[in-house]
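Fold and geometry: a report
Here's the letter readout for the chains.
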Amino acid sequence: MKLDSLKKFVSLRESLQKEKASLEERLAQIDAALGVASSVVAAPARSAKSAPRAKAAGKARRVKGGRGGNEMSLRDAVLKATSEKPLTKEEILKAVDKLGYTFNTKNPLASVNVALYSKKQFKQVDGKFSPVK
């Protein structure tokens, strides 16, 4: 009984993986026709026996590179925004927005935090950030 259920599960899983790969390939074709950079990389379909355990789910991967249409990086935009005077995180977010930077996230303040706390390019004094000189 257990072996039968296991075989059904494996068969259904393989079928779903093949369908997913097919859909990802079709989406890539549609993106190419529209002239849009594809957001997923279609992985070749694998059988459950040949796929490594960690990659068996066939997760979609984002294509690296690009800035989502922005001319400058977020770090450069934050540097520009804070070059005149120290600003709070919320002020930085507003200033970066005024510079024309567009975020592709639901929580842009989290992205600003990453820019502020990575690579030690900014110093914080009394909750306000400015570039390290």
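Quick note: structure is the one above.
Everything in this summary refers to the structure shown in the same document. All values reported here derive from a predicted model rather than from experimental measurement. (Residues numbered from 1 in each chain as written. Predicted model: local features only at pLDDT ≥ 70, side-chain atom pairs only at ≥ 80, totals over all residues. Heavy atoms only, no water.)

**Regarding helix α3 (residues 89-98)**
- Buried within α3 we find Ile92, Ala95 and Val96. In an axial view of α3, the angular spread of the buried residues amounts to 100 degrees, which keeps them on one side of the axis. When the buried face of α3 is taken as reference, the exposed residues oriented beyond 90 degrees from it are Lys94, Asp97 and Lys98.
- Contacts made by the buried residues of α3 are with α2 (74-81), α4 (108-117) and β2 (128-131).
- Positive backbone phi, approximately 95 degrees, marks Gly100, located one or two places after α3. (Buried < 20%, exposed > 50% of the residue type's maximum accessible area, 1.4 Å probe, protein only. Helix = DSSP H or I, 4+ residues; strand = E, 2+ residues; numbered from the N terminus. Arc of directions from axis to C-beta. Contact = heavy atoms within 4.5 Å.)

**Here we look at a nonpolar patch on the surface**
- A cluster of nonpolar side chains, Leu3, Leu6, Phe9 and Val10, forms an exposed patch at the surface whose accessible area comes to about 380 Å².
- Inspection of the secondary structure puts Leu6 in helix α1 (residues 2-34). (Patch = residues over 30% accessible without salt bridge, like charges linked within 9 Å, V, L, I, M, F, W, Y side chains within 5 Å. Areas by Shrake-Rupley, 256 points an atom, 1.4 Å probe, with all protein chains shown as cover. Salt bridge = Lys/Arg side-chain N within 4 Å of Asp/Glu carboxyl O.)

**Regarding the packing of α3 against α4**
- Contact geometry of α3 with α4 gives a least axis separation of 10 Å together with a crossing angle of 105 degrees. Taken together, the axes of α3 and α4 lie roughly perpendicular to each other. Of the residues in α4, those in contact with Lys89, Glu90, Ile92 and Leu93 of α3 are Pro108, Leu109, Val112, Asn113, Leu116 and Tyr117.
- Looking at the contact of α3 with α4 residue by residue, the classes come out as 7 nonpolar, 1 polar and 2 charged. (Axes fitted to C-alpha atoms, helices over the stretch in contact; angles between N-to-C directions. Parallel < 35°, antiparallel > 145°, perpendicular 65-115°, else oblique. Nonpolar A, V, L, I, M, F, W, Y, C, P; charged D, E, K, R; others polar.)

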